[in-house]
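Observations on the model geometry
Now for the letters of each chain:
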Amino acid sequence: MRRARAASRIDGSDVLRHATVSPATLENYKNAVHHFEAFVTRRRWSLQPQSLCRTMERFFWHHANLGFSSAIGRHTLYGWLHLRCPNKSVESNQLANAREAINGWRKLNGDDSRDPLPEEIYLSAAHRLVMTRKPLTAAATFCQAQLYLRPSELLCLRPEDVLLPVRGAHRYKSTGVVIAPRELGRTTKARSHDDTILADRQCHEALASVLAELVRIRSSEERLFPLTLNCYEKRLRDVGSAMGLPVDFVPHTLRHCGPANDLFFERRDMAAVAKRGRWASLKSVQRYGKSGRLIKIWRQIAESDRVLWTARASNFGAVLLAALRRLPIGYCGS
């Protein structure tokens, strides 16, 4: 088995198969499988083919009881099939019970969609990142929420994907971001390319200036944000924990924050939110636009924190821009 895997790495026979999933998903698969194998090894559970399905069910039950999202189960199962199983049709049938266990996990824990956060909270979290010398992570947090981006879309952005205003052309003065450029052969989750999102007047007033500063800083680099998904997620979880937030704060939370806050504060209607988020149906928007959750979460925050975070959110744009303007061209920190 080890020789076969080594040969696969040398001759590149797995490259095309790995290309069937996005880099972010592949990274999730690898992390989930590594965690599963380490967890099972510590408990001396069997990973033999005849015992694997039962072992996965026990692993899922342990994590479901602790309140974890069923996404862990999906990444583990499909990651195992993708990375560890040369004959997927056979292993997939053997793991049918594990697949059903994931469905039960989802029903027990409710839907896995993330709760949105009031903008005072996520802007205060970004403010905290600036204060702890992580200005590019703060900028990523801010831009993802304002542009309704999926985490993988954000982290794949290049400096040239940011379209700055054309000098002297008054009709082309908007700043935009292109998702999945055609020339790279990429598509979005919805199988589209060249999706463009504008920093329009409904956005935070600092967004266009922040994007311009990011292009200045990172113009000679391959990526606009020097972050891996794991690093980005860890930093958001850490800041959420430090702030004592009542819900998970992870990258996909920010995909929910933009729509929910724009709908709640009536900056955009449902159709405009659907267009900006590139959702094909209004039903999809309803899953992301949980405006009522904003009130519930805000009520769980201590009054002293509400006052502090509201103040921080109000001047966040100026704080972030000041931090970015101090960074030299080519800065690769966080």
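Here the structure is shown first, and the text comes after it.
Residues numbered from 1 in each chain as written. Predicted model: local features only at pLDDT ≥ 70, side-chain atom pairs only at ≥ 80, totals over all residues. Heavy atoms only, no water.

1. A word on the pairing of strand S2 (residues 176–179)
The alternating pattern of S2 places Gly176 and Val178 and Val177 and Ile179 on opposite faces, both of which are buried. As defined by bridge partners, strand S1 (residues 162–163) adjoins S2 across two bridges and the pair is classed as antiparallel. Residue pairing for S2: Val162 is matched across the bridge by Val177. (Buried < 20%, exposed > 50% of the residue type's maximum accessible area, 1.4 Å probe, protein only. Helix = DSSP H or I, 4+ residues; strand = E, 2+ residues; numbered from the N terminus. Pairing = 2+ DSSP bridges.)

2. Examining the packing of aromatic side chains
In this structure the tally under the stated criterion is nine aromatic pairs. Ring geometry for Phe36 and Trp80: centres 5.6 Å apart, planes at 90°, overall edge-to-face. Here Trp80 lies in helix H5 (residues 71–84) and Phe36 lies in helix H3 (residues 23–43), a separation of 44 residues in the sequence. Trp80 shares its class with Phe36; the two are buried. Ring geometry for Phe39 versus Trp45: centroids 5.7 Å apart, planes at 70°, classification edge-to-face. Classification of Trp45 as buried rests on a relative accessible area of 19%. Through successive ring pairs, a cluster of aromatic residues spans Phe36, Phe39, Trp45, Phe59, Phe60, Trp80 and Trp105. Of note, Arg58 hangs over the ring of Trp45, and the distance from its end group to the ring centre comes to 3.9 Å. (Phe/Tyr/Trp six-rings, centres within 6.5 Å; stacked < 30°, edge-to-face > 60°. Lys NZ or Arg CZ within 6 Å of the ring centre and 35° of its normal.)

3. Section: the nonpolar core
Core analysis: the largest hydrophobic core is formed by 58 residues, its most contacted members being Cys143 and Val210. The element that contributes the greatest number of residues to this core is helix H9 (residues 135–147), accounting for eight residues. Not counting the four nearest positions on each side in its chain, Val210 is found in contact with Ala139, Phe142, Cys143, Leu320, Leu321 and Leu324. Formed by 23 residues, the second largest nonpolar core is a distinct cluster that contains Leu26, Tyr29, Phe36 and Cys53. (Core = buried A, V, L, I, M, F, W, Y, C linked by side-chain atoms within 4.5 Å. Contact = heavy atoms within 4.5 Å.)

4. Some thoughts on helix H4 (residues 49–65)
Here H4 is 17 residues long and its end C-alpha atoms lie 25 Å apart, about the 24 Å a rise of 1.5 Å per residue gives. Within H4, burial applies to Leu52, Cys53, Thr55, Met56, Phe59, Phe60, His63 and Ala64. Buried residues along H4 cover an arc of 165° about the axis, so they all sit on one side. Facing away from the buried side of H4 by over 90 degrees, the exposed positions are Gln50, Arg54 and Trp61. (Expected span 1.5 Å × (residues − 1). Arc of directions from axis to C-beta.)

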